[in-house]
Amino acid sequence: MRLLVIEDEKRLAQNLAELLRRQGYTVDVSSDGVSGYDNAVTDIYDLILLDAMLPGMDGFTVLKAVRTFSAIPVLILSSKNTAEDRIHGLELRADDYMTKPFSARELLLRISAILKRCSTLASEEAEVLRS
């Protein structure tokens, strides 16, 4: 499974990448919204972890742009923690929204749940197409 982390806080991005690699994921990191979007358009990722506040292009704009061409799962990780922020992210079709600081264990469980759900949906869609 290949994940893209779009996070401008260098230390957090490195810690996330290390945590995810220890779990067996292949991880790429982008440190701003523009390069993150550029990586996302390659459509080679199974999941994007996206910060909402990014230089160049904010995370909500990245998500909106990604949704014009892809249904790739997106988990927002943000210090923007108001109900309005979470609702906005979910209205833009994020698959989940976690606020910082967060538990590594909870993050891993949410990633696993999103990937399982998306895998199940893809299998069901493929079965319908074969029928």
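Definitions and limits used
Residues numbered from 1 in each chain as written. Predicted model: local features only at pLDDT ≥ 70, side-chain atom pairs only at ≥ 80, totals over all residues. Heavy atoms only, no water. Helix = DSSP H or I, 4+ residues; strand = E, 2+ residues; numbered from the N terminus. Rg over C-alpha atoms; globule rule 2.2 N^0.38 Å. Buried < 20%, exposed > 50% of the residue type's maximum accessible area, 1.4 Å probe, protein only. Contact = heavy atoms within 4.5 Å. Areas by Shrake-Rupley, 256 points an atom, 1.4 Å probe, with all protein chains shown as cover. Polar contact = N/O pair within 3.5 Å; in protein donor to acceptor, adjacent residues only side chain to side chain. Arc of directions from axis to C-beta. Phe/Tyr/Trp six-rings, centres within 6.5 Å; stacked < 30°, edge-to-face > 60°. Pairing = 2+ DSSP bridges. Axes fitted to C-alpha atoms, helices over the stretch in contact; angles between N-to-C directions.

Attention shifts here to the overall build of the protein chain. Scanning the protein chain from terminus to terminus reveals five helices and five strands. From first element to last, N terminus to C terminus, the protein chain shows the α and β order β-α-β-α-β-α-β-α-β-α. The C-alpha atoms of the protein chain give a radius of gyration of 14 Å, which matches the 14 Å a tight globule of 131 residues would have. Seen through its principal axes, the protein chain has C-alpha atoms that stretch 45 × 30 × 30 Å. Taking all 131 residues of the protein chain together, the buried fraction comes to 40%. A sequence separation of at least 24 residues applies to 61% of the contacts in the protein chain between residues at least 6 apart. Carbon and sulfur atoms form 51% of the exposed surface of the protein chain, whose accessible area is close to 7200 Å².

Turning next to the side chain of aspartate 51. Among the structural elements, aspartate 51 can be located in the loop between β3 (47-50) and α3 (59-66). The exposure class of aspartate 51 is buried, given its relative accessible area of 3%. In this structure the side chain of aspartate 51 is engaged in a polar contact, spanning 3.4 Å, whose partner is the backbone nitrogen of methionine 53. Once you skip the residues sitting within four places of it in the chain, aspartate 51 turns out to touch Ile6, Glu7, Asp8, Gly59, Leu77, Ser78 and Lys100.

The next point concerns helix α2 (residues 33-40). Buried within α2 are the following residues: Gly33, Gly36 and Ala40. The buried residues of α2 occupy an angular sector of 60° when the element is viewed end-on, so they sit on one face. In this structure, the buried residues of α2 make contact with β1 (2-6), β2 (26-30), β3 and α3. Where α2 begins, one side-chain oxygen reaches toward the backbone nitrogen of valine 34, 3.0 Å away; that side chain belongs to aspartate 32.

A few words now on the packing of aromatic side chains. Enumeration according to the criterion identifies one aromatic pair in this entry. Taking 6.2 Å as the distance between ring centres and 80° as the angle between the ring planes, the aromatic pair formed by tyrosine 37 and phenylalanine 69 counts as edge-to-face. Residue tyrosine 37 is located in helix α2, and its partner phenylalanine 69 is located in the loop between α3 and β4 (74-78); the two are separated by 32 residues in the primary sequence. The class for phenylalanine 69 is partly exposed, based on a relative accessible area of 34%.

Below, the discussion takes up the sheet that holds strand β5 (residues 96-99). Note on sheets: strands pair through backbone hydrogen bonds, and any given pair is parallel or antiparallel. Taken together, five strands build an open sheet; the order of strands is β2-β1-β3-β4-β5 and the sheet is parallel. In the strand order of this sheet, the two ends are held by β2 and β5, each with one partner. Between one strand and the next, the sheet's axes are offset by a mean angle of 20°, whatever the strand orientation. Note that β1 and β2 share five bridges and pair parallel. Bridged to isoleucine 6 within β2 is serine 30. In the packing of α2 onto the sheet, contacts are made with β1, β2 and β3, and the angle to β1 comes to roughly 160°. Of the strands in this sheet, β4 and β5 are in contact with helix α4 (residues 83-91), which crosses β5 at around 150°.

Everything listed here is a matter of geometry and, on its own, says nothing about what the molecule does.
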